Number of protein chains: 2
Amino acid sequence: MLIRVDPGSGVAIYDQIAASVRAAAARGALRPGERLPAARELADALDINIHTVLRAYQDLRDEGLVDLRRGRGAVVTEAASRGAPILEAVRALVAEARNEGVGAQTLISLIREEYPA
Amino acid sequence: MLIRVDPGSGVAIYDQIAASVRAAAARGALRPGERLPAARELADALDINIHTVLRAYQDLRDEGLVDLRRGRGAVVTEAASRGAPILEAVRALVAEARNEGVGAQTLISLIREEYPA
DNA sequence: TCAGTTGTAATAGTGAAACTAGAACAATAG
DNA sequence: CTATTGTTCTAGTTTCACTATTACAACTGA
């Protein structure tokens, strides 16, 4: 399964689902035009409520990464593939951070502080 | 004040405090050996509860970024300054991401997925 | 030694948010 | 026309952030 979830990770389940999709699209495992699993189907597979899945899908729609249509499902947009070019840069940065002994929390905090500016 | 907080930002207050400290240490605004404001003092200044501040300080301690001692306060460690060397790389990555139309959520999702591996 | 400062811990209450549950409905596909 | 799939609504439970208060223990500095 492309999408996995860890209930006790501290991160909200709908956020983990959305993050899985963002990352999968960035690395090309999900391509524009492809469909995500139907919400009911994914909820069943992960043994969670359909509303939790829908919340994730709606967040992704708000970010412009998927189109949602009744009867059709959640379709990956072109925008979702834009992450691909920066994947290598991300991997390099993470490697450097780990090398310096910089934790994930610090790295994420730095990104959050730099992004809006 | 070095540490600011936005109650309606969606991010937990204790997380915003911890993030402020991580970032401040990375850019050298907080140096190893320096003391953070006393928990009661900061709680007063930000008009929040002392426990909320302590939660942030304890998270930072768990990450090894500060030492906590009664009577002495929260002292920044050497580890907290390790973020400095990667600051430029972070800025470059963020600039590239913005340029490609990649949102903050996607960037953070990618980092989270790449980090543990 | 002693008083003041500071983090630690325990208990408890409030409010918001995540998650679940079930049902009915509307748009699309085939 | 039927099955599929997202949308909406109501509602209940649970978890967690946050607040509040009190007492305590370790350390500092005079």
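Being a predicted model, the structure only gives us computed values, none of them experimental.

Caption draft 1: Up close: unusual backbone geometry. Residues and elements named next belong to chain A. At Asp47, a position not held by glycine, the phi torsion is positive, near 60°. Along the chain, Asp47 falls in the loop between α2 (39-46) and α3 (50-62). Given a relative accessible area of 69%, Asp47 falls into the exposed group.

Caption draft 2: Spatial organisation of the protein's contact with DNA strand C. Neighbouring DNA strand C are 27 residues, the closest being A:Ile13, A:Tyr14, A:His51, A:Thr52 and A:Arg70. In DNA strand C, atoms within 4 Å of the protein come 60% from sugar and phosphate. With respect to DNA strand C, the backbone of A:Asn49 contributes an N or O atom lying 2.9 Å from a phosphate oxygen. The contact in question runs from a sugar or linking oxygen of DNA strand C to an N or O atom on the side chain of A:Arg70, over 2.7 Å. Mapped by element, the contributors of at least two residues to the surface near DNA strand C are α1 (13-26) and α3 of chain A together with α2 (39-46), α3 (50-62), β1 (66-69) and β2 (73-76) of chain B. No other element matches α3(B), which puts four residues into the surface near DNA strand C. A per-class count over the surface near DNA strand C returns nine nonpolar, eight polar and ten charged.

Caption draft 3: Structural view of the nonpolar core. The biggest cluster of nonpolar side chains holds 28 residues, and the ones touching the most others in it are A:Leu107 and B:Leu107. Contact partners of B:Leu107, with chain neighbours within four places excluded, come to A:Ile86, A:Val90, A:Ile111, A:Tyr115, B:Leu93, B:Val94, B:Ala97 and B:Val102.

Caption draft 4: Inspection of the protein's contact with DNA strand D at higher detail. Around DNA strand D there are 26 residues in total, and A:Arg40, B:Ile13, B:Tyr14, B:His51 and B:Thr52 lie nearest to it. Here the atoms of DNA strand D within 4 Å of the protein split so that 62% fall in sugar or phosphate, with bases taking the remainder. Between DNA strand D and the protein, one listed contact pairs a phosphate oxygen with a backbone N or O atom of B:Asn49 at 2.9 Å. Side-chain polar atom of B:Arg70 to a sugar or linking oxygen of DNA strand D: 2.9 Å apart, as the coordinates give it. Broken down by element, the surface near DNA strand D gets its largest block of residues, four residues, from α3(A). Here the surface near DNA strand D is composed, by residue class, of nine nonpolar, eight polar and nine charged.

Caption draft 5: Seen up close, the pattern of salt bridges. Scanning the entire structure with this criterion turns up eleven salt bridges over all chains. A salt bridge links A:Glu63 to A:Arg22; its shortest N-O distance comes to 2.8 Å. A residue pair is termed long-range when its members are at least 10 positions apart, and A:Glu63 in the loop between α3 and β1 (66-69) and A:Arg22 in helix α1 qualify at 41 residues. In this structure A:Glu63 comes out as partly exposed when scored by relative accessible area, which is 30%. A relative accessible area of 4% means that A:Arg22 is categorised as buried. Taking the shortest distance from any N to any O, the salt bridge between B:Arg91 and B:Glu88 comes out at 2.9 Å. Taken together, the residues span about one helical turn, with B:Arg91 and B:Glu88 both in helix α4 (residues 87-100) at a distance of three residues. Each of A:Glu88, A:Arg91 and B:Glu114 takes part in one network of salt bridges that share partners.

Caption draft 6: Spatial organisation of the relation of the copies chain B and chain A. Structural alignment of chain B on chain A gives an RMSD of 0.2 Å, achieved by rotating through 179° and translating 0.0 Å along the axis. Within this description, the copies of the chain are treated as partners about a two-fold rotation axis. Taking C-alpha positions as the reference, the residue of chain B nearest the rotation axis is B:Ile108, at 3.2 Å. Interface residue correspondence from chain B to chain A reaches 100%, placing this contact among same-surface, isologous pairings.

Caption draft 7: Highlighting the UniProt feature "domain: HTH gntR-type" (unreviewed entry) in chain A. Taking the UniProt record as the reference, the feature "domain: HTH gntR-type" (unreviewed entry) is found at residues 11-79 of chain A. Annotation note: span residues 11-79 of chain A, helix share 51%, strand share 12%, distance between end C-alpha atoms 24 Å.

Caption draft 8: How the structure looks around the packing of helix α5 (residues 104-114) of chain A against helix α1 (residues 13-26) of chain B. The interhelical angle for the contact between α5(A) and α1(B), taken along N-to-C directions, is 85°, at an axis separation of 9 Å. Between α5(A) and α1(B), the angle is such that the two are roughly perpendicular. Taking contact as the criterion, the partners of A:Gln105, A:Thr106, A:Ser109, A:Leu110 and A:Glu113 in α5(A) are, on α1(B), B:Ala19, B:Ser20, B:Arg22, B:Ala23 and B:Ala26. Taken together, the residues that form the contact of α5(A) with α1(B) break down as four nonpolar, four polar and two charged.

Reading the values: the criteria
- Residues numbered from 1 in each chain as written.
- Chains lettered and ligands numbered in written order.
- Predicted model: local features only at pLDDT ≥ 70, side-chain atom pairs only at ≥ 80, totals over all residues.
- Heavy atoms only, no water.
- Helix = DSSP H or I, 4+ residues; strand = E, 2+ residues; numbered from the N terminus.
- Buried < 20%, exposed > 50% of the residue type's maximum accessible area, 1.4 Å probe, protein only.
- Near = heavy atom within 4 Å.
- Polar contact = N/O pair within 3.5 Å; in protein donor to acceptor, adjacent residues only side chain to side chain.
- Nonpolar A, V, L, I, M, F, W, Y, C, P; charged D, E, K, R; others polar.
- Core = buried A, V, L, I, M, F, W, Y, C linked by side-chain atoms within 4.5 Å.
- Contact = heavy atoms within 4.5 Å.
- Salt bridge = Lys/Arg side-chain N within 4 Å of Asp/Glu carboxyl O.
- Least-squares fit on C-alpha atoms with pLDDT ≥ 70 in both.
- UniProt positions renumbered as here; feature names shortened; annotations may be inferred.
- Axes fitted to C-alpha atoms, helices over the stretch in contact; angles between N-to-C directions.
- Parallel < 35°, antiparallel > 145°, perpendicular 65-115°, else oblique.

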